[in-house]
Amino acid sequence: MSSLFPTYNKWPITVQEAKGTTLIDNNGKRYLDFVAGIAVCNLGHCHPDVNEAIKNQLDKVVHVSNLFNIEGQEKVANKLVAHSSGDAVFFCNSGTEANEAAIKLIRKATGKLKIITFFQSFHGRTMGSLSATGQDKVHQGFAPLLEGFVYVPYNDCDALKSVIDGDVAAIFLEVIQGEGGVHEATREFIATINELKEKHNLLVVVDEVQTGIGRTGKPFGYQHYDLDPDIITIAKGLGNGFPVGGLIGKKHLINAFGPGSHGSTFGGNPLAMAAAYATIETIFCREFIDAVVEKGDYIFSKLQETLHSATIVKEVRGRGLMIGIECHEEVSTIISSLRENGLLVLNAGPNVIRLLPPLTVSEAEIDLAVELISLALTKVSTCK
Ligand code: PLP
């Protein structure tokens, strides 16, 4: 019997070595990895600059508490602020913690409880973040939830308008719902959010845990829209595999998080900051981001081209290198057979195959992945 809680449906793979877009298991089998630790290893596995930065820091200082000045925090925060519309950063260790910090900051800054989130959203597994998440299956067994959350259908402008009143503190959203099926916010929906923000003096929070750090072909996903969020939450890709998260907030919120209001023993730890700085130094560059856009366009057009006769496919959607292939039926067996054939992909809900390759993926790797996906989906389509 395993000594682990069985909280995950694990794949039958033990990874022994990881480099770039390749994973090698303990039997020597190689996999093309279009999961990247679920949008984490955006620079590919074991990126030399990130690994070197961690190793260098390891021999200097691993940990001091946040009672000390930590140089790396200022460096990483400066870069995050320079590439976003925020003005100050709070560091933590994960996406759910970044969202917990956002929930606390909303309450502290506004004195109000009501926060609007959306059905099929995913914001994490701690009590606040799971309460923010608009999915029953994530809530199951954990009542009572944190009070104040009101869930609304995503991209439904009228439904959103109908729940806004003077008690609402914030609208909290993913600009592309990742776990919920790779659904992108419409321009009309974002325009409605802007209108409501202006009229009712609401805070807007974007959860960029999955869409951030270059994934969608911009440093942050909200930058595809005319949107100026008050709070941006990040994690996953920030450390290329080293656990680190953060909240980026606007100037008008800075005083609400004064000394003693919030904290984390490990948040912004020197090792995490070394990994984060090396990661965003590479990703937040014009050429790197432009290449993500090009690769996204390339994989998208290849998928459109090769999947046109696969009748099982309902829609291919997404942005940059966050792509969903929605099928007319459940995709779990297709994902398992792709895995057996050496390609790792994820689901997003029961019917969507989700592709999240490292942003460093090559054209040849994209070609191979598309070939395997199109073979699998065409085969399933012709068997019907
Ligand atoms: N927010 C979003 C949009 C996510 O996709 C996730 C994880 O999948 C989280 C929050 C939670 O992040 P973590 O697992 O680091 O707590």
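No experiment lies behind these values; they were computed from the predicted model shown.

J.: Explain the sheet that holds strand 15 (residues 343-344) to me, please; I cannot follow it from the model alone.
T.: Hydrogen bonds along the backbone pair up the strands of a sheet, which may run parallel or antiparallel. Reading across from one edge, 1-2-3-15 is the order of the four strands in this open sheet, with mixed pairing throughout. At either end of the open sheet lies a strand with only one pairing partner, and these are strand 1 (15-19) and strand 15. Across two bridges, the pairing between strand 3 (residues 30-33) and strand 15 is parallel. The residue bridging Asp 33 from the neighbouring strand is Leu 344, located in strand 15.

J.: Looking at this structure, how should I read the site of the ligand?
T.: The local shell around the ligand holds 13 residues, among which Gly 95, Thr 96, Asp 207, Gln 210 and Lys 236 are the closest. Taking Thr 96, its main chain carries an N or O atom lying 2.8 Å from an oxygen atom of the ligand. In this structure, Asp 207 approaches the ligand through a side-chain N or O atom, which is 2.7 Å from a nitrogen atom. Alone, the ligand offers 390 Å² of accessible surface; in the complex the protein occludes 81% of this. When residues in the shell around the ligand are grouped by element, the largest group, three residues, is from helix 4 (residues 95-110).

J.: What is the right way to read the nonpolar core from this model?
T.: What tends to happen in soluble globular proteins is that the nonpolar side chains get buried as a cluster. Counting 81 residues, the largest nonpolar core has Phe 34, Leu 80, Leu 160, Leu 303, Ile 325, Leu 355 and Leu 377 as its most contacted members. A total of nine residues in this core trace back to one element, the largest contributor, which is helix 9 (residues 270-283). Setting aside its immediate chain neighbours within four residues, Leu 160 contacts Ile 116, Phe 118, Val 152, Ile 171, Phe 189, Thr 192, Ile 193 and Leu 196. Ranked by size, the runner-up nonpolar core spans 21 residues in total, among them Ala 102, Ala 132, Phe 172 and Leu 247.

J.: Can you walk me through the pairing of strand 3 in this structure?
T.: Looking down a regular strand, the side chains alternate between one sheet face and the other. Judged from the three bridges that link them, strand 2 (residues 22-25) and strand 3 form a sheet pairing that is antiparallel. Across the sheet, Ile 24 pairs through a bridge with Arg 30, a residue of strand 3. Linking two consecutive strands that pair antiparallel, namely strand 2 and strand 3, is a turn of four residues; a positive phi of about 85° is found at Gly 28 within it.

J.: Would you mind showing me how to read the pattern of salt bridges here?
T.: Between side chains of opposite charge, a pair can form when the charged atoms approach closely. Counted according to the given criterion, the structure contains 10 salt bridges. Measuring nitrogen to oxygen at the nearest pair gives 2.9 Å for the salt bridge that ties Asp 165 to Lys 114. Within this pair, whereas Asp 165 is found in the loop between helix 7 (157-163) and strand 7 (168-173), its partner Lys 114 is found in strand 5 (residues 114-118), the two being separated by 51 residues in sequence. For Arg 286, the salt bridge identified is with Asp 290, shortest N-O distance 3.8 Å. Placement of the pair is Arg 286 and Asp 290 together in helix 10 (residues 286-306), with a separation of four residues, close to one helical turn. Exposure remark for Arg 286: the relative accessible area of 63% places this residue in the exposed category. For Asp 290, a relative accessible area of 35% corresponds to the partly exposed category. Taken together, the shared-partner salt bridges in this structure form one network comprising Lys 314, Glu 315, Arg 317 and Glu 326.

J.: What should I look at first to understand the sheet that holds strand 4 (residues 88-92) in this one?
T.: Taken together, seven strands build an open sheet; the order of strands is 4-12-11-10-7-5-6 and the sheet is mixed. Since the sheet does not close on itself, it has two edges, and those belong to strand 4 and strand 6 (149-152), each with one partner. Across the sheet, the mean angle from the axis of one strand to that of its neighbour is 20°, orientation sign disregarded. Pairing geometry for strand 4 and strand 12 (residues 245-249), over five bridges, is antiparallel. Bridge pairing in strand 12 places Ala 88 opposite Gly 249. Packing of helix 8 (residues 187-200) onto the sheet brings it into contact with strand 5, strand 7 and strand 10 (203-207), and relative to strand 7 it is tilted by some 160°.

J.: Help me understand the packing of aromatic side chains in this model?
T.: Each aromatic ring pair is characterised by the separation of its centres together with the angle its planes make. Under the definition given, this model contains seven aromatic pairs. Here the aromatic residues Phe 118, Tyr 154 and Phe 189 are joined through ring pairs into a cluster of three or more. If you follow Lys 75 out to its NZ or CZ, it ends over the ring of Tyr 277, 4.1 Å from the centre.

J.: Help me understand the layout of surface pockets, please; the structure alone is not making it clear to me.
T.: Where empty space is left becomes clear once a probe the size of a water molecule has been rolled over the atoms. Estimates place the volume of the second largest pocket at around 440 Å³. Forming the boundary of the second largest pocket are 21 residues, of which Asn 66, Phe 68, Gln 73, Glu 74 and Val 89 lie nearest the centre. Of all the elements in the fold, those that place two or more residues in the lining of the second largest pocket are helix 3 (71-82) and strand 4. By residue number, the principal contributor to the lining of the second largest pocket is helix 3, which donates six residues. Here the lining of the second largest pocket is composed, by residue class, of nine nonpolar, nine polar and three charged.

What counts, and where the lines are drawn
Residues numbered from 1 in each chain as written. Predicted model: local features only at pLDDT ≥ 70, side-chain atom pairs only at ≥ 80, totals over all residues. Heavy atoms only, no water. Pairing = 2+ DSSP bridges. Helix = DSSP H or I, 4+ residues; strand = E, 2+ residues; numbered from the N terminus. Near = heavy atom within 4 Å. Polar contact = N/O pair within 3.5 Å; in protein donor to acceptor, adjacent residues only side chain to side chain. Areas by Shrake-Rupley, 256 points an atom, 1.4 Å probe, with all protein chains shown as cover. Core = buried A, V, L, I, M, F, W, Y, C linked by side-chain atoms within 4.5 Å. Buried < 20%, exposed > 50% of the residue type's maximum accessible area, 1.4 Å probe, protein only. Contact = heavy atoms within 4.5 Å. Salt bridge = Lys/Arg side-chain N within 4 Å of Asp/Glu carboxyl O. Axes fitted to C-alpha atoms, helices over the stretch in contact; angles between N-to-C directions. Phe/Tyr/Trp six-rings, centres within 6.5 Å; stacked < 30°, edge-to-face > 60°. Lys NZ or Arg CZ within 6 Å of the ring centre and 35° of its normal. 1 Å grid on protein atoms, 1.4 Å probe; cavity = no way out; pocket = protein on both sides within 12 Å on 5 of 7 lines; lining within 4 Å. Points joined across faces, edges and corners; volume = space filled by probe spheres on them. Nonpolar A, V, L, I, M, F, W, Y, C, P; charged D, E, K, R; others polar.

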